[in-house]
Amino acid sequence: MTKFKVLLFLLLAFFQAKAEDGYDLWLRYKPVDNVSLKAEYVQALKAYSAATDKSPTIQVAVDELSIAIKGLLGVELKSADQVGEQTLVLGTSASSPYIASLKLQKSLDPLGDEGYMITTKKGNVIIAANTDIGVLYGTFHFLRLLQTQQSIKKLNITSTPNVKLRVLNHWDNLDRTVERGYAGFSLWDWHRLPGYIDPRYIDYARANASIGINGTVLTNVNANALVLTPAYLEKVKVLANVFRPYGLKVYLTARFSAPIEIGGLKTADPLNTEVQQWWKDKADEIYNMIPDFGGFLVKANSEGQPGPQNYGRTHADGANMMAAALKPHGGVVMWRAFVYSNEEPDDRAKQAYNDFKPLDGKFDDNVLVQVKNGAIDFQPREPFHPLFGAMPKTPMMMEFQITQEYLGQGTHLAYLSPMYKECLDADTYAKGKGSTVAKVVDGSLNNHRLTGIAGVSNIGTERNWTGHLFGQSNWYAFGRLAWSHGLSSEEIAKEWIRMTFSNQEDVINPITNIMMASHEAVVSYMTPFGLHHIMGWGHHYGPGPWIANKHRADWTSVYYHKADKNGIGFDRTASGSNAVAQYFPEVASKFGSLEECPEKFLLWFHHVPWTYKMKSGKELWNAMCYEYQHGVEEVENMQQKWQSLENEIDAGRFEQVKSFLKIQKKEAEWWRDACLLYFQTFSGKPIPEDIPKASQTLEYYEGLTFPFAPGN
Ligand code: GCV
């Protein structure tokens, strides 16, 4: 190569990498490469018409359309003098005389406050809703059609969200560290707020609006009361102002002991009138500054957080006290059911149900009980939480994990939509067959209007937001499923790939395959057959099945796998902790039977002999060895598929994912080798010859320490 060519090559590589660093997420708006579709779009989008006195939300919609149309089609979107043919009309019957003239109101009424319609009328594309935020959501849907290159000739779309509150939970601390965050520091630059508005806040809000997320809890559930002081509320107010046009409400975590810590009271007892008054005054103060404040998310009496039980009161007493303070302003309390105590001898998996089930019907009507998908803690795979379906009188809000605490953290590719769907589609049998978790959460099973779904965010200051580029797909999938839980994981993956990478089939197919296999792969090389909580101590990074003898038994691995000479697994049947009895009988009998229990949950519910014959015909020990190996092979497959994309994807993103897959492969092998060597000390059986030999001894793996593992 001549010097000139080298320079040119470097320059090209630089610009290419710069252009595609992942910052733009799925809102890249790259030129449409399909010639006939492009012509169709250009033809249909001659001009747009929106209300002249645009609200901030409509202005956002128009701005987004302009950026998108410029990027996708290379043309400026002009404002129409009057609505003729090929005009994009957006608005409500109230804001747009043209929409009013179409007499759509009958069809719009059922769409509620956030739904929208996209329809073709007299050669014009109409994006109509009852509210401006509905119009914005419709606008993003319309843009998704263009981004994923679908025809817009004859549109007839209506859409409404399944769930009312679709909320990100940031576990962000005021010092900007993020608990279980693997993408840098917190986005919220508290020190520079309220004076400095980082433009990134706006892009954050855009991204959330584009997938229908309508709430954000800014702070960690392990809460700091300081966020409720006037100086911090000034900062929160600025964020709320920035997010408002995007339909994104702000919520805060409320530390239960705040009346003592920042209020100068001697107690935080929820039945104490001074305490009640303190929360009322605090709510008034907040709403005075932020009139559309969403409410509080509370972690109480769990993992050292204070709560009502400190005063001999119940979770309902605590939640209702805060609910009463928020109610006059329309706010809600999202009260977490993630509670357990090491002083309680019963199986950790049973404790939340034991505490909460008796409280059904005792919560005020602006309280939601927020329940993690499974009863332990965001494990790579968990059976659905038995509380779903068990509290029919209480709105049950789902809490999913988007960050990957137990799922390979910042470097493993794990597309989590299949994990979310597995839980949502699970049948609780609460009211007979078909009583899915999704129906509990969306309120349809028990007629709740207040409904919600939360995702623990994976977002941070890293340029591409999520650290691992594919972490973006989990943020995306969470939002899409929160809006519409009937979508399939594959559909969502394909949408995301088209918008994030390319509309070419030879890009879409391999990446879809990678994504769809990825969650199972992680389960196979970390926690096959229902094993759980066998990660490293504290930081939960890497394998740690040997963790024992710590100050809390329920944070050790041996508590969960219970491996011994006879076998492995936690007996949660009637002969053990009887956690199965917390499920409805149809589910309990299935999970409780060794023969009927799905093998993916086998060791979650049963202590199984090493010689137990699995469905494959293999003995459990051998099946486990091959499952760990299978996980590693799946990562190798992912690597090969990714490699085939070398010339299809920009160098920057290609290389980063490639490097992370290499780390993932190494760590999958580490998991396999460390776990098999450790469990072999109990099974006493050989690891099959055709499984690669561990490169190190068990002592070596046990001796590894990671004092600075991120997110801890
Ligand atoms: C925010 C797990 C995590 C904690 C987290 C907790 C929770 O225990 O390890 O970091 O704390 O869940 O969800 O409250």
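Residues numbered from 1 in each chain as written. Predicted model: local features only at pLDDT ≥ 70, side-chain atom pairs only at ≥ 80, totals over all residues. Heavy atoms only, no water.

**Overview of the overall build of the protein chain**
Moving on, step 1. Helices and strands together make up the secondary structure of the protein chain, namely 23 helices and 16 strands.
Moving on, step 2. For the protein chain, the C-alpha radius of gyration of 26 Å lies close to 27 Å, the compact-globule estimate for 712 residues.
Moving on, step 3. Seen through its C-alpha atoms, the protein chain measures out along the principal axes to roughly 80 × 80 × 50 Å.
Moving on, step 4. Relative to its 712 residues, the protein chain shows a buried fraction of 62%.
Moving on, step 5. Element-wise, carbon and sulfur atoms account for 52% of the exposed surface of the protein chain, whose accessible area totals about 27,100 Å².
Moving on, step 6. Side-chain charges in the protein chain split into 71 positive and 77 negative, and the spacing between the mean points of these groups amounts to 4 Å. (Helix = DSSP H or I, 4+ residues; strand = E, 2+ residues; numbered from the N terminus. Rg over C-alpha atoms; globule rule 2.2 N^0.38 Å. Buried < 20%, exposed > 50% of the residue type's maximum accessible area, 1.4 Å probe, protein only. Areas by Shrake-Rupley, 256 points an atom, 1.4 Å probe, with all protein chains shown as cover. Lys, Arg positive; Asp, Glu negative; His and termini not counted. Charge placed at Lys NZ, Arg CZ, Asp CG, Glu CD.)

**A closer look at helix H10 (residues 273–289)**
Moving on, step 1. Taking 1.5 Å per residue as the helical rise, H10 with its 17 residues ought to reach 24 Å, and the 25 Å between its terminal C-alpha atoms agrees with that figure.
Moving on, step 2. Elements in contact with the buried residues of H10: helix H8 (230–243), helix H9 (258–261), strand E10 (295–298) and helix H11 (315–326).
Moving on, step 3. Looking at where H10 begins, the residue whose side-chain oxygen comes 2.8 Å from the main-chain nitrogen of Glu274 is Asn272. (Expected span 1.5 Å × (residues − 1). Contact = heavy atoms within 4.5 Å. Polar contact = N/O pair within 3.5 Å; in protein donor to acceptor, adjacent residues only side chain to side chain.)

**Let's talk about the domain arrangement of the protein chain**
Moving on, step 1. Each assigned domain of the protein chain is listed with its residue range as follows: domain 1 (20–159), domain 2 (165–500) and domain 3 (523–570 + 607–703).
Moving on, step 2. Between domain 1 and domain 3, the C-alpha centre-to-centre distance is 48 Å. (Domains from an automatic or database assignment.)

**Things to note about the sheet that holds strand E3 (residues 87–91)**
Moving on, step 1. An order of E2-E1-E3-E5-E4-E6 is seen for the six strands of this open sheet, with the pairing classed as mixed. The outermost strands of the open sheet, each flanked by one partner alone, are strand E2 (78–79) and strand E6 (156–159).
Moving on, step 2. By the bridge criterion, six bridges tie strand E4 (residues 116–121) to strand E5 (residues 124–129) in an arrangement that is antiparallel. Directly across from Met117, in E5, lies its bridge partner Ala128. (Pairing = 2+ DSSP bridges.)

**Things to note about the environment of Met321**
Moving on, step 1. As for its placement among the helices and strands, Met321 is situated in helix H11.
Moving on, step 2. C-alpha of Met321 to C-alpha of Ala414: the two residues are 93 residues apart in sequence and 40 Å apart in space.
Moving on, step 3. Contact partners of Met321, with chain neighbours within four places excluded, come to Phe256, Pro270, Val275, Gln276 and Trp279.

**Considering the UniProt feature "active site" (unreviewed entry) in the protein chain**
Moving on, step 1. Mapped onto this structure's residue numbering, the UniProt feature "active site" (unreviewed entry) falls at Glu303, Asp377 and Glu405.
Moving on, step 2. The class of Glu303 is partly exposed, set by a relative accessible area of 27%.
Moving on, step 3. In contact with Glu303, other than residues within four places in its own chain, are Phe338, Tyr340, Arg552 and Trp555.
Moving on, step 4. Separated by 2.8 Å, the side chains of Glu303 and Lys299 make a polar contact.
Moving on, step 5. By the element assignment, Asp377 lies in the loop between strand E12 (367–372) and strand E13 (396–401). (UniProt positions renumbered as here; feature names shortened; annotations may be inferred.)

**Remarks on the packing of helix H7 (residues 199–210) against H8**
Moving on, step 1. The interhelical angle for the contact between H7 and H8, taken along N-to-C directions, is 50°, at an axis separation of 9 Å. One element, H7, and the other, H8, form an angle in the oblique class. Relative to H8, H7 is oriented so that their crossing is right-handed. Taking contact as the criterion, the partners of Tyr201, Ile202, Tyr204 and Ala205 in H7 are, on H8, Leu239, Val242 and Phe243. (Axes fitted to C-alpha atoms, helices over the stretch in contact; angles between N-to-C directions. Parallel < 35°, antiparallel > 145°, perpendicular 65-115°, else oblique. Left-handed = near helix turned anticlockwise from the far one by under 90°.)

**Comments concerning the site of the ligand**
Moving on, step 1. Of all residues adjacent to the ligand, which total 15 residues, the nearest are Glu179, Lys299, Glu303, Lys372 and Glu405.
Moving on, step 2. Residue Asn222 places a side-chain N or O atom 3.2 Å away from an oxygen atom belonging to the ligand.
Moving on, step 3. For the shell around the ligand, the residue count by class is four nonpolar, three polar and eight charged. (Near = heavy atom within 4 Å. Nonpolar A, V, L, I, M, F, W, Y, C, P; charged D, E, K, R; others polar.)

**A few points about the sheet that holds E13**
Moving on, step 1. Strand order around the closed barrel formed by eight strands is E7-E8-E9-E10-E11-E12-E13-E14, with parallel pairing between neighbours. Direction aside, the axes of adjacent strands within the sheet are offset by 25° on average.
Moving on, step 2. Pairing between strand E7 (residues 165–169) and strand E14 (residues 452–456): five bridges, direction parallel. Bridging across to E14, Asn169 finds its partner in Val456.
Moving on, step 3. Across the sheet, helix H15 (residues 471–483) is in contact with E7 and E14; its angle to E7 comes to roughly 160°.

**Focus on the nonpolar core**
Moving on, step 1. Core analysis: the biggest nonpolar cluster contains 232 residues, and Phe142, Phe243, Trp279, Trp475, Trp642 and Phe679 have the highest contact counts within it.
Moving on, step 2. Here the element with the most residues in this core is helix H22 (residues 651–683); it accounts for 13 residues.
Moving on, step 3. Ranked by size, the runner-up nonpolar core spans ten residues in total, among them Val89, Leu108, Leu111 and Met117. (Core = buried A, V, L, I, M, F, W, Y, C linked by side-chain atoms within 4.5 Å.)

**Structural notes on H11**
Moving on, step 1. Look at H11: 17 Å from first C-alpha to last across twelve residues, which is about the 16 Å you get at 1.5 Å a residue.
Moving on, step 2. Of all twelve residues in H11, ten are buried; the element is thus mostly enclosed.
Moving on, step 3. Buried within H11 are the following residues: His315, Ala316, Gly318, Ala319, Asn320, Met321, Met322, Ala323, Ala325 and Leu326.
Moving on, step 4. Those residues of H11 hidden inside the fold are in contact with H10, E10, strand E11 (332–336), helix H12 (348–356) and E12.
Moving on, step 5. Backbone nitrogen of Ala316 and a side-chain oxygen of the N-cap are separated by 3.2 Å at the start of H11; the cap is Thr314.

**Section: unusual backbone geometry**
Moving on, step 1. Here the bond from Leu193 into Pro194 is cis, since omega is 5°, no more than 30 degrees from zero.
Moving on, step 2. Structurally, the position occupied by Pro194 is in the loop between E7 and H7.

**Focus on the pattern of salt bridges**
Note on pairing: side chains with opposite charge can pair once their charged atoms come close.
Moving on, step 1. For the structure shown, the criterion picks out 35 salt bridges.
Moving on, step 2. A salt bridge links Arg255 to Glu261; the nearest nitrogen and oxygen atoms lie 3.1 Å apart.
Moving on, step 3. Between Arg552 and Asp554 there is a salt bridge; the shortest N-O distance is 2.9 Å.
Moving on, step 4. Among the residues examined, Asp554 registers a relative accessible area of 4% and is labelled buried. (Salt bridge = Lys/Arg side-chain N within 4 Å of Asp/Glu carboxyl O.)

**A short note on the side chain of Arg572**
Moving on, step 1. Note on placement: Arg572 falls in the loop between strand E15 (567–568) and helix H19 (585–592).
Moving on, step 2. Note on Arg572: relative accessible area 0%, which makes it buried.
Moving on, step 3. Polar contacts involving the side chain of Arg572 include one to the main-chain carbonyl oxygen of Trp604, which spans 3.0 Å.
Moving on, step 4. In this view, Arg572 contacts Asp347, Ala349, Ile376, His532, Tyr560, Ser577, Asn578, Ala579, Val580, Trp604 and Phe605; residues no more than four positions away in its chain are not counted.

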